[in-house]
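Overview (structure and organization)
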Amino acid sequence: MEIVTAPEQPGASVRLRPEIAALPAYRQGRPAPADGFKLSSNENPHEPLPGVEAAVAASAHEIHRYPDATALAVRERIAGRFGVTADEVIVGAGSVSLIAQFISAAAAAGDEVVYSWRSFEAYPGLVTVAGATSVRVPNRADHSHDLEAMAAAITDRTRVVIVCSPNNPTGTVVTADEFERFMAAVPGDLLVLLDEAYIEFVRDEASVDGRTLIGRYPNLIVLRTFSKAYGLAGLRVGYAIGPVAILDAARSTAIPLSVTAASSAGAIASLDAEAELLARVDVIVERRDRVRAALIAQGWPIPQAQGNFVWLPTGDATSAVAERLFDAGLVTRAFPPEGIRVSVGEEESVEILLRILGELVPASQEGAAV
Ligand SMILES: *Cc1c(COP(=O)(O)O)cnc(C)c1O
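In this text the structure is predicted, and so the values were computed from the model without any measurement. All chains use their own residue numbering, which begins from 1 and follows the written sequence. For a predicted model such as this one, the threshold for reporting local features is a pLDDT of at least 70, and the threshold for listing and counting side-chain atom pairs is 80 or more; totals across whole chains, interfaces and linings nevertheless cover every residue. As a rule here, side-chain values cover all heavy atoms of the structure and leave hydrogens and water aside.

Moving on, we come to the packing of helix α3 (residues 72-82) against helix α9 (residues 261-272). The geometry of α3 relative to α9 is characterised by a closest axis approach of 9 Å and an angle of 30° between their N-to-C directions. The orientation of α3 relative to α9 falls into the category roughly parallel. Helix-helix and strand crossings are classified by hand; for α3 and α9 the assignment is left-handed. On α9, the residues that touch Ala73, Val74, Arg77, Ile78 and Arg81 of α3 are Ser264, Ala267, Ile268, Leu271 and Asp272. Considered class by class, the residues forming the contact of α3 with α9 number 6 nonpolar, 1 polar and 3 charged. For helices, the fitted axis covers only the stretch in contact; all axes are lines through C-alpha atoms, and the angles between them, taken along N-to-C directions, range from 0 to 180 degrees. In this text, helices come from DSSP runs of H or I with a minimum length of four residues, and strands from runs of E with a minimum of two, each type numbered from the N-terminal end. Small angles under 35 degrees read as roughly parallel and large ones over 145 as roughly antiparallel, with 65 to 115 read as roughly perpendicular and the rest as oblique. Definitions for this section: a left-handed crossing has its near helix turned counterclockwise from the far helix by less than a right angle. A right-handed crossing has that turn clockwise. In what follows, residue pairs with any heavy atoms lying within 4.5 Å of each other are defined as contacts. Under the grouping applied here, Gly and all other residues not named as nonpolar or charged are polar, the nonpolar ones being Ala, Val, Leu, Ile, Met, Phe, Trp, Tyr, Cys and Pro and the charged ones Asp, Glu, Lys and Arg.

Shown next as structure tokens:
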């Protein structure tokens, strides 16, 4: 008898880490159709300010040189705004890079990283790449973090806890009171990452604000980014603030020289133009609140929305609803069988979104078939 084996894919026999080989390959969301809208990555719909674009263009003059390894100029600017020293600031190629650096600095094989779920889709992969184990704590019924359950999930193997406020993709915030109780409950030697990628869009006064916590906890790192409110997603630049000893460890796990001169130039020009950029954030916030109110009026149970996106709890109908939105020209981020995250994008996308969702609401709520 002849044994026929399927031809192997080149490279498939090379010994890789099994947990890495098992990860789903990264696939970016579908591009928006020609006259459609990309509402799938929480990007800022406003084009760059001319001054920011000019600063980035001017940086091209030095691309034959390596960048400043520590992005000192950006760190000094951020330090000045937060009232800390430049050593208490770290800049990375997006705050996702920084989260990876902090996890790698604190957690390895056998260690646990606690975070809420559903939360930022990047967390599971970053934990696995570090060799550590994810411990996911379910969100409360209102889609917010259950900080008491997260504190209860901490064991002597836990090395990192990630708190995401506003939470991507559900939009809910952790309150300042909840967060302070949480910090009082967790061991002082356990690294806590407060991921505030959307803080500039928050209008809930009860919300935690990392800025007010800086210097108060020896185990707390506050992470922010230029990708969302400042509209620099394509440049890759984010930062974190916290105790120097922890930042030094994260500097050791960084891939050297990944913050480019263009990224630094864009970040500094954005800080120079901050008033104008934050006025644009106000525009998005007004649009977000209008979209959420209209969807609630249609009967959608939309949770608190404090980021630049809204969460549709579509349950089993998730893929079908996302498909209907796609057919109407709206690319969204579907997480079947839980829900759909829709970024607040161009004003012209709002009418389409509300029209399609208005047609779907009676049947698609709470997971019923469309
Ligand atoms: C977008 C986002 C980030 C940061 O992204 P970068 O572009 O890498 O700075 C971090 N955390 C959350 C929850 C996000 O949604």
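Next up on the list: the packing of aromatic side chains. Only centres within 6.5 Å qualify two rings of Phe, Tyr or Trp (six-membered ring in Trp) as a pair; their planes then separate them into stacked at under 30 degrees, edge-to-face at over 60, and tilted for everything else. Scanning all chains against the criterion turns up 9 aromatic pairs. Members of the aromatic cluster, each reached through a chain of ring pairs, are Phe82, Phe226, Tyr230 and Tyr239. A ring has a charge above it when a Lys NZ or an Arg CZ is no more than 6 Å from the ring centre and no more than 35 degrees off the ring normal. Residue placement shows arginine 136 over the ring face of tryptophan 117; its charged tip is 4.2 Å from the ring centre. Its end group placed over the ring of phenylalanine 82, arginine 211 keeps NZ or CZ at 4.5 Å from the ring centre.

This paragraph deals with the site of the ligand. Neighbouring the ligand are 13 residues; Ser95, Tyr198, Thr225, Ser227 and Lys228 lie closest to it. Between the ligand and threonine 225, the relevant distance is 2.6 Å, taken from an oxygen atom to a side-chain nitrogen or oxygen of the residue. Here an oxygen atom of the ligand sits 3.2 Å away from a polar atom, N or O, in the side chain of lysine 228. Under the convention used here, a 1.4 Å probe and the Shrake-Rupley method define accessible areas, while residue burial counts only the protein chains that appear. In isolation the ligand has 390 Å² of accessible area, and contact with the protein removes 95% of it. The class makeup of the residues in the shell around the ligand is 5 nonpolar, 5 polar and 3 charged. Residues are labelled near a given molecule or strand when at least one of their non-hydrogen atoms is within 4 Å of it. We define a polar contact as two N or O atoms separated by no more than 3.5 Å, with the added condition that, inside protein, one atom must be a possible hydrogen donor and the other a possible acceptor, whereas residues neighbouring each other in sequence contribute only through side-chain atom pairs.

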